[in-house]
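# Structure at a glance
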Amino acid sequence: MFRKVLIANRGEIARRLVLACHELGITAVAIYSDADAEAPWVRLADERYNLPGVSATETYLNQTAVLDIATACGAEAIHPGYGFLSENAAFAAACAERGIAFIGPGPEAIDLMGSKAKSREIAEQAGVPIVPGVDGAGMSAAALQTAVSHIEYPILIKASAGGGGKGMRVVWSADEFADAVQAARSEAQNSFGDDHVLVEKYFTEIHHVEIQVLGDQHGNVLHLFERECSIQRRHQKIIEETPAPVIQDDDLRQRMAAAAVSLAKAVNYSSAGTVEFIVDEKGGFYFLEMNTRLQVEHPVTELVTGVDLAVWQIRIASGERLPFGQDDIQQRGHAIECRVYAEDPANNFLPSIGEITRYERPSGPGIRVDDGIESGTAVSPYYDPMLAKVITWGHSREEAIGKMVRALQQTVVLGVTTNIPYLLAILQEPTFCSGHTSTSYLQQIFPNWQPEALDDDGWLGAAVFELLQGGGKKVGTAVTATESNAYDPWGETAVWRNVRR
């Protein structure tokens, strides 16, 4: 087992990994940018080292600086968390060159699965269902349009190296095709340095379901069942749960799980990873991509299986063999995760920055909170605005939802706008409660959401917030920057306050 691990990340996942290291008796090393110098996860670590600067490029994405700190402090391994360097094959290889273990899969697997074109090809060879489509590498827009003429519109153009909706365009008719290809390629080049695109059939009503896999360095690969992540805004997940409501047939669950394990074995996968699928209304499923890292939503899987994925990533990277088999992994109960963001859903999801003047976590049986904030934490414009993840477990889906509603109502975040009222509106909406939600759910049900002043539980919500801000501004909007808040790079400052009294 490692004696010292450097955590090459920040925020809630850095805190989560510090705790995983402490669980194993490992010295946890934090790195931090100038903007994160006072962050709670930095203090929680046993050792901490500064990365000068504030932007992601000069700090958490600075491979040389991260590796130099790891070497200087004697870290035997680096855990990249998710995002930043977690799916960077070159960084994983650079770790190996310095004799430092990369806590994740090998660079070969990262490289193969990091390309949507390569991963699609490998999936097909492994017998995994794939979406009908064409690889557009080296093809002109006209040639590509001819190649996909057998596919009925709408179709999807997406960057091979992409993620998070970048380099992605939905095309509804043939006359839009050429412009969409050009736009997708341009955005892909600017975002990923690679204009390679794929063109696939676009399903208008689908569910996003992913299978968690776990493999060791001795050839053992197993699955930890599925998660449904259909509640998305701008292709970003905000609510995840397991078991997946869309899967009512255990045969479908087992077939999807077997496909995910088959793909992982095809690339000699070790560590935690996730194979993502789309599921149509008829129960057909198709490979989407593989994320070669720990997912943001991993806690829901941990709650229903009892397997600590972060700890097992570290154990596997140190060479340990999985001591349990597939039959030992069972789903028990239901778990839901909500991502709490510093953003304004009523104002086009505008990010909110500033100081968190007061923060209180929810608590109680079946409630877990993964966060990287506290009262006094500064929310900066330099990084992702996710503040925390609230996770609940119940014997049933209904129980898990009920606990989540109460947990979010108990969560206090003052000083910045959050999406908590938006999450509460979703959780109490009849279609969501029924479990029949596709990836188009938010656009269909909440196209122009605004917070309500009073909910069914008597939560004062907006009425209280308006009084707290004192200026009579409409709740959920932003105020034009003044001299007192001119630091805001958006030229606006959020005014909504989430409090329950």
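Here's a quick rundown of the structure. Small disclaimer: the values here were computed from a predicted structure and weren't measured.

Calculation rules
Residues numbered from 1 in each chain as written. Predicted model: local features only at pLDDT ≥ 70, side-chain atom pairs only at ≥ 80, totals over all residues. Heavy atoms only, no water. Salt bridge = Lys/Arg side-chain N within 4 Å of Asp/Glu carboxyl O. Helix = DSSP H or I, 4+ residues; strand = E, 2+ residues; numbered from the N terminus. Buried < 20%, exposed > 50% of the residue type's maximum accessible area, 1.4 Å probe, protein only. Pairing = 2+ DSSP bridges. Axes fitted to C-alpha atoms, helices over the stretch in contact; angles between N-to-C directions. Contact = heavy atoms within 4.5 Å.

Counted under the stated rule, the structure contains 32 salt bridges. Between glutamate 87 and arginine 293 there is a salt bridge; the shortest N-O distance is 2.9 Å. One end of the pair, glutamate 87, is in the loop between β4 (77-79) and α4 (89-97); the other, arginine 293, is in the loop between β14 (285-291) and α10 (298-305), and 206 residues separate them in sequence. Judged by its relative accessible area of 17%, arginine 293 falls in the buried class.

On to unusual backbone geometry, then. Keep in mind that most residues, glycine aside, have a negative phi and that most peptide bonds are trans. With an omega of 5 degrees, the peptide bond running from tyrosine 153 to proline 154 counts as cis. Relative to the assigned elements, proline 154 resides in the loop between α7 (141-147) and β7 (155-159). Cis rather than trans, the peptide bond between threonine 242 and proline 243 has omega equal to -5 degrees. Backbone geometry places phenylalanine 84, a non-glycine residue, at a positive phi of 45 degrees.

For the rest of this paragraph, the subject is the sheet that holds β7. Strand order across the open sheet formed by four strands is β6-β9-β7-β8, with antiparallel pairing between neighbours. Of all strands in the sheet, those bounded by a partner on one side alone are β6 (133-135) and β8 (168-171). Shown here is a sheet whose adjacent strand axes are inclined to one another by a mean of 15 degrees, direction ignored. Pairing between β6 and strand β9 (residues 197-201): three bridges, direction antiparallel. In the strand pairing of β9, glycine 133 is matched with glutamate 200.

This part takes up helix α13 (residues 420-427). α13 sits mainly inside the fold: seven of its eight residues count as buried. Ile420, Pro421, Tyr422, Leu423, Leu424, Ile426 and Leu427 are the residues of α13 that are buried.

In this section: the side chain of histidine 223. Assignment of secondary structure puts histidine 223 in strand β11 (residues 221-233). The class of histidine 223 is buried, set by a relative accessible area of 6%. Setting aside residues no more than four positions away along its own chain, histidine 223 makes contact with Ile211, Gln212, Val213, Gln254, Ala257, Val261, Gln326 and Ile329.

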